[in-house]
Amino acid sequence: MRPTKKPTSEGRTGSGGGGGAGGRRPFFRRRKSCPFSGPNAPVAEYPPEAWSQVMRVNLDGPFLCCRAIVPLMIAQNYGRIVNVASLAGLMPAAAGHTLYAAAKAFLIKFSEALAHEVRAQGVHVTAVAPGFTLSEFHDVTGTRERVKALPGWLWMDADTVARQGFDAVMAGRPLEIN
């Protein structure tokens, strides 16, 4: 399976017509520069620098972005945040996959808790937990050969994941499993 599209944008705030203070509708989307899951290795062999990178991308990034943008959204009494987690954060653990799934489980709980914190101020937060998605993820993680034999019905395209995440955050659902 190959990606249907190459990612083209980084995180940004945007505005749509109507609503919110001054007609702005803040929506924040954070895209990591690369899908980084770290090595598939036992904890005793896991490089500390890989641990740090996984934490920075999957935990520090969403926290710092939300911390920066949430006050602006609260001030406007409107905002939408979609954090990209993974179905891996909800699945039973697998040996050698100790960090990625744990980081995604954290991101799901972080997003759910933040959704409860800011909902009364007009801000919705959703964690999207996609399964197998047509993207560069499996190329970057070196798992393309293992997953390419999976049946086609297991796969989603990135546009569908994005649309479902958008629909979920607009409806105020803190978790979207796709």
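Small disclaimer: the values here were computed from a predicted structure and weren't measured.

A.B. asks: I'd like a description of the overall build of the protein, backed by residues and values.
C.D. replies: Within the protein, the secondary structure is distributed over five helices and seven strands. Counting from the amino terminus, the protein carries its helices and strands in the arrangement β-β-α-β-α-β-β-α-α-β-α-β. Within the protein, the fraction of its 178 residues that count as buried is 41%. Pairs at least 24 residues apart make up 65% of the contacts formed inside the protein by residues separated by at least 6 positions. Approximately 9,700 Å² of the protein is accessible, and the part contributed by carbon and sulfur atoms is 60%.

A.B. asks: Can you explain the nonpolar core? Please cite residues and give values.
C.D. replies: Counting 16 residues, the largest nonpolar core has C66, V70, I81, L114, V118 and V125 as its most contacted members. A total of six residues in this core trace back to one element, the largest contributor, which is helix α2 (residues 100–118).

A.B. asks: Got a sec to walk through the environment of W51? Specific residues and values, please.
C.D. replies: As for its position among the elements, W51 is in helix α1 (residues 48–76). On the accessibility criterion, W51 (46% relative accessible area) is partly exposed. For the pair W51 and S37, spaced 14 residues apart in sequence, the C-alpha separation works out to 9.4 Å. Look past the residues within four positions of W51 in its chain and what remains in contact with it is Y46 and L99.

A.B. asks: Give a description of the packing of α1 against α2 that names residues and reports values.
C.D. replies: Interaxial distance between α1 and α2 falls to 10 Å at its minimum, and their mutual angle equals 10°. What the angle tells us is that α1 and α2 run roughly parallel. Residue-level contacts link V54, M55, N58, L59, P62, F63, C66, V70 and I74 of α1 to A103, K104, F106, L107, F110, L114 and V118 of α2. Residues belonging to the contact of α1 with α2 are distributed by class as follows: 14 nonpolar, one polar and one charged.

Rules of the game
- Residues numbered from 1 in each chain as written.
- Predicted model: local features only at pLDDT ≥ 70, side-chain atom pairs only at ≥ 80, totals over all residues.
- Heavy atoms only, no water.
- Helix = DSSP H or I, 4+ residues; strand = E, 2+ residues; numbered from the N terminus.
- Buried < 20%, exposed > 50% of the residue type's maximum accessible area, 1.4 Å probe, protein only.
- Contact = heavy atoms within 4.5 Å.
- Areas by Shrake-Rupley, 256 points an atom, 1.4 Å probe, with all protein chains shown as cover.
- Core = buried A, V, L, I, M, F, W, Y, C linked by side-chain atoms within 4.5 Å.
- Axes fitted to C-alpha atoms, helices over the stretch in contact; angles between N-to-C directions.
- Parallel < 35°, antiparallel > 145°, perpendicular 65-115°, else oblique.
- Nonpolar A, V, L, I, M, F, W, Y, C, P; charged D, E, K, R; others polar.

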